[in-house]
Amino acid sequence: MAKYHQFIEEKIKKIQNTVKDGVAVSALSGGVDSSTVTILSHKALEDRLKTIFVDNGLMRKNEPEHVVSTFKNIGIPVEIIDAKEKFFSALKKIEDPEDKRRIIQDVFYQDVFENYRKNINAQFVLQGTILTDIEETRAGIKLQHNVDIQAPYKIIEPLRTLRKDEVREVAYELGLPKEIYNRMPFLGPALAGRIIGEVTPKRVEIVREATAILENELKNSRAFQYLAILHKDKVTGIREGKRDYGLQIEVRCWDSKDARIASPTKLPYDVLDGLAKRLTTEIPGVVSVVYNITPKPPSTIEAI
């Protein structure tokens, strides 16, 4: 018997016994946690599960289309909700990391998601909260967007006792494709969590392009996670013999098992050199690239 067979069967039955004849919603981000919960819930509820992807304007390149296509192939329809303007409006002039996280949480749960839920009269919500999310929020390290939600509906969290590596094993046993069960973690606030300072459409686009370059260049690194961070302050650079006061991108790449502790990946210098060249030539305004070499702790995997 597969390692998590009993776990899967128990969670499916629990979802069925909780929702009964009701309707439930799964908010899918495309990451392994929400994807695993969506599959579990679909097996339990079939067409009584409504799966949505909230396009907040903060996701990776082509993410909405990719997620919808992937789950269509699995047999699960996903509805995209365009909420980009609401999120960017709420984040205007906000720089504090915890304020940004709280705003994203509030816009998602109290506005976008709540309006959808009310329209379909769903009293149950499935979400992919895992043990690390709970621990980091309770310890005051970082507010995770899916923890301690005050809501007028029942929240079901089938994975809250598991770590990331365990979730991957469950996803594998559920038959999810490798591109999902082996996918890198992606933070709840999305690319807003990789921008130091104000979050604007232009700054998000810079991080989005930088992320796409990293994912292309480091896809064979076997690292646990890698990411690009846009710094707030500009730095002095030189182009064609003249001063170019521009942007700085920080690259982080991690070796880890479950994100509780992590070590910077010892990337070969030629790989770092290639990253620097692509980031400074393909993204307008970027004049500097730095590599983070501090382990977690005292650093964290994400910047904010």
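Residues numbered from 1 in each chain as written. Predicted model: local features only at pLDDT ≥ 70, side-chain atom pairs only at ≥ 80, totals over all residues. Heavy atoms only, no water.

Asker: Can you help me understand the overall build of the protein chain in this one?
Answerer: Counting its secondary structure elements, the protein chain contains ten helices and ten strands. Each of the three principal axes of the protein chain carries a C-alpha extent, and together these read 70 × 45 × 40 Å. Counting across all 304 residues of the protein chain, residues that qualify as buried make up 54%. Long-range pairs, those at least 24 residues apart, make up 75% of the contacts in the protein chain with a sequence separation of at least 6. (Helix = DSSP H or I, 4+ residues; strand = E, 2+ residues; numbered from the N terminus. Buried < 20%, exposed > 50% of the residue type's maximum accessible area, 1.4 Å probe, protein only. Contact = heavy atoms within 4.5 Å.)

Asker: Quick question: what am I supposed to make of the sheet that holds strand E4 (residues 124-126) here?
Answerer: Strand pairing in a sheet is mediated by backbone hydrogen bonds. Such pairs are either parallel or antiparallel. Taken in spatial order, the five strands of this open sheet run E3-E2-E1-E4-E5, and their pairing is parallel. Single-partner strands in this sheet number two, and they are strand E3 (79-82) and strand E5 (154-156). Across the sheet, the axes of successive neighbouring strands diverge by a mean angle of 30°, strand direction being ignored. In the packing of helix H3 (residues 63-74) onto the sheet, contacts are made with strand E2 (49-55) and E3, and the angle to E2 comes to roughly 160°. Lying on the sheet, helix H5 (residues 97-120) is in contact with strand E1 (24-27), E2, E3 and E4; it crosses E2 at an angle near 145°. (Pairing = 2+ DSSP bridges. Axes fitted to C-alpha atoms, helices over the stretch in contact; angles between N-to-C directions.)

Asker: Looking at this model, I keep getting lost on the packing of aromatic side chains. Mind explaining?
Answerer: Aromatic ring pairs are defined here through the distance separating the ring centres and the angle between the ring planes. Inspection of every chain in the model, using the stated rule, returns six aromatic pairs. Centroid distance Phe-108 to Phe-113: 5.5 Å. Interplanar angle 15°. Geometry classified as stacked. A relative accessible area of 16% means that Phe-108 is categorised as buried. Within the aromatic cluster, the residues linked to one another by ring pairs are Phe-108, Tyr-109, Phe-113 and Tyr-153. Above the ring of Phe-186, the side-chain terminus of Arg-60 is found at 4.0 Å from the ring centroid. (Phe/Tyr/Trp six-rings, centres within 6.5 Å; stacked < 30°, edge-to-face > 60°. Lys NZ or Arg CZ within 6 Å of the ring centre and 35° of its normal.)

Asker: Just to check I follow, could you spell out the nonpolar core for this structure?
Answerer: One broad trend across soluble globular proteins is that nonpolar side chains are buried collectively. With 82 residues, the main nonpolar core has Leu-58 and Ile-249 as its most contacted residues. Sorting elements by how many residues they give to this core places H5 first, with eight residues. Sequence-distant contacts of Leu-58, defined by excluding residues within four places in its chain, comprise Phe-88, Leu-91, Ile-104, Phe-186, Pro-189, Ala-190, Leu-191, Ala-192, Val-199, Val-204 and Arg-208. Core analysis: the second largest hydrophobic core is formed by seven residues, Phe-224, Leu-227, Ile-229 and Trp-254 among them. (Core = buried A, V, L, I, M, F, W, Y, C linked by side-chain atoms within 4.5 Å.)

Read these as geometric descriptors, not functional statements.
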